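Residues per chain are reported as follows:
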Amino acid sequence: MGKVAKECIFLYEGFRAYVPKKKLADFDNEFLSKKSYSVKFMTELIIKYVNLKYYHKNPKNENDGYLFNFFLVDFSQRSSKTTKALKEFRNTPRTIDRSFMYFNAHPK
């Protein structure tokens, strides 16, 4: 089992207490119907079933603050457009490192 799958199971078990009882069966069925888990799927699932605006300020258990921080700060940002753009920018070579931009106009 990969890192993302383990993290998805951790989030599923942690956020299960925050899903309304009427929607709990749908939450379980949607999560268990997938064979492999991704960051995008898990982010959409939690946003769909959990009231994050209310519960991140008022968690049921005082230790669940770590769960919300992990989801909101680390996990859900992995597949965002901003994170992808920053990674591309970081991997772009600097102008000074580009030897193809300059050529010797006066051959020896």
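See the structure shown above.
Predicted model only: the values in this text are computed from it and were never measured. (Residues numbered from 1 in each chain as written. Predicted model: local features only at pLDDT ≥ 70, side-chain atom pairs only at ≥ 80, totals over all residues. Heavy atoms only, no water.)

Enquirer: An account of the nonpolar core is needed here, citing residue identities and associated values.
Expert: Formed by 22 residues in total, the largest nonpolar core has its most connected members in Leu 11, Phe 15, Met 42, Ile 46 and Val 50. Those elements giving two or more residues to this core turn out to be helix H1 (3–15), helix H2 (24–32), helix H3 (39–49), helix H4 (52–55) and helix H5 (64–75). For Leu 11, the residues in contact, after removing those within four places along its chain, are Met 42, Ile 46, Leu 67, Phe 70, Phe 71 and Phe 75. (Core = buried A, V, L, I, M, F, W, Y, C linked by side-chain atoms within 4.5 Å. Buried < 20%, exposed > 50% of the residue type's maximum accessible area, 1.4 Å probe, protein only. Helix = DSSP H or I, 4+ residues; strand = E, 2+ residues; numbered from the N terminus. Contact = heavy atoms within 4.5 Å.)

Enquirer: Explain the packing of aromatic side chains to me, and be specific about the residues and the numbers.
Expert: By the definition in use, this model includes 12 aromatic pairs. Seen in terms of ring centroids, Tyr 18 and Tyr 55 are 4.9 Å apart; in terms of plane orientation they differ by 65°. Their pairing is edge-to-face. Here the residue Tyr 18 occupies a position in the loop between H1 and H2, and Tyr 55 occupies one in helix H4, the gap between them amounting to 37 residues. A relative accessible area of 18% means that Tyr 55 is categorised as buried. Each member of the aromatic cluster is reached from another via a ring pair, and the members are Tyr 12, Phe 27, Phe 31, Tyr 37, Phe 41 and Tyr 49. Seen from the ring of Phe 41, Lys 34 lies directly overhead, with NZ or CZ sitting 5.0 Å from the centre. Note that Lys 60 overlies the ring of Tyr 18, its terminal NZ or CZ placed 5.5 Å from the centroid. (Phe/Tyr/Trp six-rings, centres within 6.5 Å; stacked < 30°, edge-to-face > 60°. Lys NZ or Arg CZ within 6 Å of the ring centre and 35° of its normal.)

Enquirer: Can you tell me about H1, naming the residues and giving the values?
Expert: Taking 1.5 Å per residue as the helical rise, H1 with its 13 residues ought to reach 18 Å, and the 18 Å between its terminal C-alpha atoms agrees with that figure. For H1, every residue scored as buried is listed here: Ala 5, Glu 7, Cys 8, Leu 11, Tyr 12 and Phe 15. Mapping the buried residues of H1 onto a view down its axis gives an arc of 160°, with all of them on the same face. Within H1, the exposed residues directed more than 90 degrees away from the buried face are Lys 3, Lys 6 and Glu 13. Elements that come into contact with the buried residues of H1 comprise H2, H3, H4 and H5. (Expected span 1.5 Å × (residues − 1). Arc of directions from axis to C-beta.)

Enquirer: A description of H5 should follow, citing residues and the corresponding values.
Expert: Considered for burial, the residues of H5 that qualify are Asp 64, Leu 67, Phe 68, Phe 71 and Phe 75. Looking down the long axis of H5, one finds its buried residues gathered within 115° of arc, a one-sided arrangement. What points out from H5, more than 90 degrees from its buried face, is the exposed set Tyr 66 and Val 73.

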